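Architecture at a glance
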Amino acid sequence: MNASQDHNPAEGTPLIAPSSTDHPLYESIVEACRSVYDPEIPVNIYDLGLIYTIAITPENSVHVTMTLTAPGCPVAGEMPGWIADAMNSVPGVKEVDVDMTFDPQWGMDMMSDEARLELGFM
């Protein structure tokens, strides 16, 4: 394997890791995400598809992998803090760690149907 292939996931490996959807805090954490909005778009970050993974440990620590609509987003430095604050308000959450990624790059196909409808794409 040459160096340019080292960062590619193995065939069959999902580009976006699965979320802890069966954890008891998952739905409350998703609702907390829905309270955070991109200031330039009137849709919450969860329905925009900016939250890729919500991984919750048995100890209720939350690790979030997210992206932005564009790498040059003016709130790039602030958005992870907004998300952490929202999730830390959920009773039972011990700590929140937010990672930013641009791989895979966000696309409009990642939006929920509700977001597409709100923005006039449906």
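Above this text sits the structure in question.
Presented here is a report on the structure given in the accompanying data block. (Residues numbered from 1 in each chain as written. Predicted model: local features only at pLDDT ≥ 70, side-chain atom pairs only at ≥ 80, totals over all residues. Heavy atoms only, no water.)

Description of the environment of P71
Counting through the fold element by element, P71 comes out in the loop between strand 2 (61–66) and helix 3 (79–88). For the pair formed by P71 and F102, sequence separation is 31 residues and the distance between their alpha carbons is 7.3 Å. (Helix = DSSP H or I, 4+ residues; strand = E, 2+ residues; numbered from the N terminus.)

Comments concerning the pattern of salt bridges
Summed over all chains, the structure comprises three salt bridges. Across the pair R34 and D47 runs a salt bridge, and its minimum N-O distance is 3.3 Å. Taken together, the positions of R34 in the loop between helix 1 (26–33) and helix 2 (45–48) and D47 in helix 2 put the pair 13 residues apart, joining distant regions of the chain. The class of R34 is partly exposed, set by a relative accessible area of 27%. We classify D47 as buried; its relative accessible area is 11%. When the shortest N-O distance is used, the salt bridge between D113 and R116 registers 4.0 Å. Pair noted here: D113 and R116 are both in helix 4 (residues 113–118), with a separation of three residues, about one helical turn. Overall, D113 belongs to the partly exposed group, its relative accessible area being 47%. (Salt bridge = Lys/Arg side-chain N within 4 Å of Asp/Glu carboxyl O. Buried < 20%, exposed > 50% of the residue type's maximum accessible area, 1.4 Å probe, protein only.)

Focus: the sheet that holds strand 2
One open sheet accounts for three strands, arranged 1-2-3; its pairing is mixed. Only two strands of the sheet have a single partner each, and these edge strands are strand 1 (51–56) and strand 3 (95–100). Recorded for the sheet is a direction-independent mean angle of 15° between the axes of neighbouring strands. Of the strand pairs in this sheet, strand 2 and strand 3 are connected by six bridges, and their pairing is parallel. Counterpart to V64 in the pairing with strand 3 is V98. Along the sheet face, helix 1 touches strand 1 and strand 2 and points at about 145° away from the line of strand 1. (Pairing = 2+ DSSP bridges. Axes fitted to C-alpha atoms, helices over the stretch in contact; angles between N-to-C directions. Contact = heavy atoms within 4.5 Å.)

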